[in-house]
Every structure is written in structure tokens, then in C-alpha cells.
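# Architecture and fold: a report
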Amino acid sequence: MSAPPDHALASLSVPTYRRLWLATVAAHTGYWAQAVAVAWWLVEQKCGPQVVALAHFSSSLPVLLLSYASGWLIDRFDYLQVQRLSQGWILVTSVAMIILMCLDSTSPYTLLLLTSLMGAGVALRNPAWQASIGQIVSLRHLSSATVLSSVGFNLARTLGPLIAGLLISAWGVWSALFYNAITAFVLFITLQWPPAYQPAAAPRTAAIVAPISPNARRWLGRLCLRAIGIGLPTSALLVLLPVVASSEERGPTMYAWLLGAFGGGGFVAALIRPRLVKALGPDRLLNIFSGVFAACLLLVAWQPQGHLLGSVAAAGAAWLILFSTLNVAVHSHSAASCRGRALAAYMTSAFGGMAAGGLLWGWLAEEFDCNTALAMGAAALLCGLACYRPRVCQGTEG
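Residues numbered from 1 in each chain as written. Predicted model: local features only at pLDDT ≥ 70, side-chain atom pairs only at ≥ 80, totals over all residues. Heavy atoms only, no water.

## Some remarks on the overall build of the protein chain
Looking only at helices and strands, the protein chain features 13 helices and zero strands. Written out in order from the N terminus, the α and β elements of the protein chain read α-α-α-α-α-α-α-α-α-α-α-α-α. Counting every position in the protein chain, which comprises 398 residues, the buried fraction comes to 59%. Counting only contacts in the protein chain whose residues sit at least 6 apart along the sequence, the fraction spanning at least 24 positions is 87%. Entry remark: accessible area of the protein chain is about 15,600 Å², with carbon and sulfur atoms responsible for 68%. (Helix = DSSP H or I, 4+ residues; strand = E, 2+ residues; numbered from the N terminus. Buried < 20%, exposed > 50% of the residue type's maximum accessible area, 1.4 Å probe, protein only. Contact = heavy atoms within 4.5 Å. Areas by Shrake-Rupley, 256 points an atom, 1.4 Å probe, with all protein chains shown as cover.)

## Remarks on the packing of helix α12 (residues 339-367) against helix α13 (residues 370-387)
Relative to each other, α12 and α13 sit at 140°, their axes nearing to 7 Å. By the angle between their directions, the pair α12 and α13 is classed as oblique. Here α12 and α13 pass one another in a crossing that is right-handed. Contact residues: α12 offers Trp 361, Leu 364 and Ala 365, while α13 offers Cys 370, Ala 373, Met 376, Gly 377 and Ala 380. The class makeup of the residues in the contact of α12 with α13 is seven nonpolar, one polar and no charged. (Axes fitted to C-alpha atoms, helices over the stretch in contact; angles between N-to-C directions. Parallel < 35°, antiparallel > 145°, perpendicular 65-115°, else oblique. Left-handed = near helix turned anticlockwise from the far one by under 90°. Nonpolar A, V, L, I, M, F, W, Y, C, P; charged D, E, K, R; others polar.)

## What about the nonpolar core?
In this structure, Tyr 17, Phe 293, Tyr 346 and Leu 374 are the most contacted members of the largest nonpolar core, which totals 121 residues. With 17 residues, the single largest contributor to this core is helix α1 (residues 15-44). Beyond its immediate sequence surroundings of up to four residues, Phe 293 is in contact with Thr 234, Leu 237, Phe 262, Ala 315, Ala 318, Trp 319 and Leu 381. (Core = buried A, V, L, I, M, F, W, Y, C linked by side-chain atoms within 4.5 Å.)

## Examining the packing of aromatic side chains
For the structure on display, the rule yields three aromatic pairs. Taking the centre distance of 5.8 Å and the plane angle of 20° together, the rings of Tyr 17 and Trp 129 count as stacked. On the criterion of sequence distance, the pair formed by Tyr 17 in helix α1 and Trp 129 in helix α4 (residues 108-136) is long-range, its members being 112 residues apart. Trp 129 shares its class with Tyr 17; the two are buried. Following the ring pairs from residue to residue traces out a cluster consisting of Phe 262, Trp 319 and Phe 323. (Phe/Tyr/Trp six-rings, centres within 6.5 Å; stacked < 30°, edge-to-face > 60°.)

## Observations concerning the packing of helix α3 (residues 79-102) against α4
Two elements in contact, α3 and α4, have axes separated by 8 Å at closest approach and are oriented at 155°. In terms of axis orientation, α3 runs roughly antiparallel to α4. Seen from above, α3 lies across α4 with left-handed handedness. Partitioning the contact of α3 with α4 into residue classes produces 18 nonpolar, ten polar and one charged.

## Side note on the side chain of Arg 125
Within the secondary structure, Arg 125 sits in helix α4. Discounting residues that sit within four places of it in the chain, Arg 125 has contacts with Ala 27, His 28, Gln 83, Ser 86, Gln 87, Ile 90 and Leu 187.

## Points about α4
Side chains that are three or four residues apart share a direction in an α-helix, a result of its 3.6 residues per turn. Over its 29 residues, α4 extends 41 Å from the first C-alpha to the last, a length consistent with the 42 Å expected when each residue adds 1.5 Å. Most of α4 is tucked away: 21 of the 29 residues are buried. (Expected span 1.5 Å × (residues − 1).)

## Things to note about the side chain of Ser 311
Within the element layout of this structure, Ser 311 appears in helix α11 (residues 309-333). When sequence neighbours within four positions are dropped, the list of residues in contact with Ser 311 reads Cys 296, Leu 299, Val 300 and Gln 303.

## Let's talk about α13
The end-to-end C-alpha separation of α13 is 26 Å, in line with the 26 Å expected for 18 residues at 1.5 Å each. Three or more residues of α13 are buried, namely Cys 370, Ala 373, Leu 374, Ala 375, Gly 377, Ala 378, Leu 381 and Leu 385. Near the N-terminus of α13, the side chain that reaches the backbone nitrogen of Asn 371, with its oxygen 3.1 Å away, is that of Asp 369. (Polar contact = N/O pair within 3.5 Å; in protein donor to acceptor, adjacent residues only side chain to side chain.)

## Here's the deal with the confidence of the model for the protein chain
Averaged over all residues, the pLDDT of the protein chain is 79; the fraction at 70 or higher stands at 85%. Per-residue pLDDT, averaged within each element of the protein chain, yields its smallest value for helix α7 (residues 206-209) (43) and its largest for helix α10 (residues 282-302) (91). Predicted confidence is poor over residues 1-5, with pLDDT under 50, and the contacts of this stretch with residues over four places away or in other chains come to seven contacts. In this model, residues 198-209 is a region of pLDDT below 50 whose contacts with residues beyond four sequence positions or in other chains number 17 contacts. (pLDDT = per-residue confidence, 0-100.)

## Regarding a nonpolar patch on the surface
Taken together, the side chains of Trp 171, Trp 174, Phe 178, Ile 182 and Val 186 present a nonpolar region at the surface, about 520 Å² in accessible area. The biggest single contributor to the nonpolar patch is helix α6 (residues 173-190), with four residues. When you line up the elements, Ile 182 lands in helix α6. (Patch = residues over 30% accessible without salt bridge, like charges linked within 9 Å, V, L, I, M, F, W, Y side chains within 5 Å. Salt bridge = Lys/Arg side-chain N within 4 Å of Asp/Glu carboxyl O.)

## Section: the environment of Ala 269
Position of Ala 269 among the secondary structure elements: in helix α9 (residues 251-280). Ignoring any residue separated from it by four or fewer positions in sequence, one finds Ala 269 in contact with Ala 317, Leu 320 and Ile 321.

Structure representation (C-alpha cells):
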């Protein structure tokens, strides 16, 4: 049974969670600044939509390939050790990217390779951070803390791209990459401080062979299918945003504003989400906001240019509610001995769908056009909603 729902920001009253959340948000902010820089550099090099979409694919693919390995490590070792290891790897990769960019000795595919290597560090770090939440906060604050982790990711979409747009406009792509390295270093240093919580008392070796019960495995399978069905079509918007922004002829600033609107919509959604959960229930929220996101894709594809911010902000709100609801469900249903593997399976499914979307929507935009690809993404989301909507969140909130 889940704890009663708490207000949206309640978990920030826990000092350890607040410190780690702020540092993690800063790191995500830098990561999104780096993502904007890489995507816009590819646009400046006159790469086609398919190559630009590969930037999204190259960052999502490591999550697909490595998340379950991360879950195994999380269930075997301390969450903090896994986070330290992965953040150190991210820091080294970000420094290598800066050096190559400053020496002007990089190519699109070298940059995509480094993006994949950085994504490998993120694939190890994010499940460890998610799994540690249950050790940092009480059950009463679990829903708030889990949603705030998604809010932090979306908040980074607001601040990171805006900062990147300013930096790129003033000093060039390298400056946004440097900002990413600084924030990665901040989180790496923060993780060296001893946390004010203790890992689970159960022997970590037992977690390797501790089986997931058949009922939990069946439930997790349904949730992972739902995550794929949401992740693949919703990725169309994020994959093609650089192309949409370039068609507006306002350069990296427009791209930054669109990503900022996406993140801002998510932040607003997080504040009202507890009331929505109480009024509608989490499973109904998944169904309603899947439809909302599909409508936003159609609006971005069909509405006149210059009026995109509202539609993208609404899509950001829907995205936050969809994935935070699934995230809370995984935390609430998973036992501590297998939470790392459950979170990793969920993230593999969600980001695997996004990685596949990075290839699919980029190819469709190349073969047809960007607006057609966005409309096809909306159609895929609506078809998935019509064909498969299991009740995977029942009993997790409300």
C-alpha cells in the first residue's frame, strides 16, 4: 500500500535529498546544454534531418543497452558507489569533447560517438539516483521525491537550453560544452560527501539471485510495454525540434526557447499533478495525457509557424505526467532487493522506445518531411492508446 499523497515540494524538506537533487538538476542542465550544442553544431554543418536525429539516438541507445547492467550493479553494490563511478566517466567524456571541439579536429560521427559514451555514463547514473530515492526519503515523501526527480529533468530542459542558446550566440558551441563539464564536476564533487542515509541492511550479494516474483514480473512486463508505447511516439517531438527550430529561421535561440517551453510546461504540470492524481487516478492520467501529447504533435505539425511555444509547453506538461506516473508506479511496486533491476527494465523500455524513435522519425522526416513525421508520431500514439492501455498504476497513488 502506498503512502498518502503529499504536496509537490514536500521532499525538499529532507536535507540530503535537497542537496543531491540540486546537484543532479545542475548536471542535467549541463547535459541539455551539451545536447543543444551538439544538435546545433550538426545543423551548422548542413547535416540532414536523419543525422541530426542520430544525436538523440546516440544518447538514448546506451540507456537501452546498459540500463539493466546498471540495475544489476545497483542491486549488488551501494547506490552511491555506482553514481560516483558513472559521474566520473561523464566528466572525462565531457572534457574529451571540449578538447576535440577546441582543436577543431572533430567530425559529426566523432561527436556522435562521444555523445554515446556520455550516454553510457548517464545510463549507469540515472537508475542509481532513482533507486537511492527510497533510501533518502520516507515512504510519505516517496511520491513527491520521485516526481521531483522528473521535474528536475524537465527543469533542466528549461534552463539548460536557454543557457546554451546564450552561450552559443555569444562564444560558440564550445562554451556550452564547457558549461556541461563544469556542472558534471559539481555533481562529482557533491557525490563525494557522505550522505545522511544508510544503504539497505540486507546483504547486497543476496540481491544477485533474489528472484522477482511471477506476479511482479508480469506487472513489470505490462508496464514496460506501456513505456515503450509512450516513449517511441513521444520522441518524435524531441527528435525533430532542432529541424522545427531551424525552419523558423531564428537559429539556436529559437531551439532553446522551444526546449525551455517544453521544460516549463513540465514544471507547471508537477505542481498540479497531486490534485490530478487525486481527482482522476494515475491510470486515467496516463490515458488522458497520451491523447494530449498526440494533439500537441498535430498542432506543432499543422499550426502556422511562429506559434509553437504553447503547443510545445503543453507537450512538456503531458510528458512529465506520463513518465513521472510510470516512475512512481515502479518505485511503489518494487521490493528493495530488486528495485534497481525493476527501474533499469523500465528505463530500458522507455529509452529504448525513444532510441528507436530517433531512427524512425528522422528517417520519415528525410523521406517525407518534418510535419508528416510529427503527424505519424501522433497517429502511432493514438493507435497504441486504443490497442493497449493496461492498469499498471492501480494502488500506487491516491
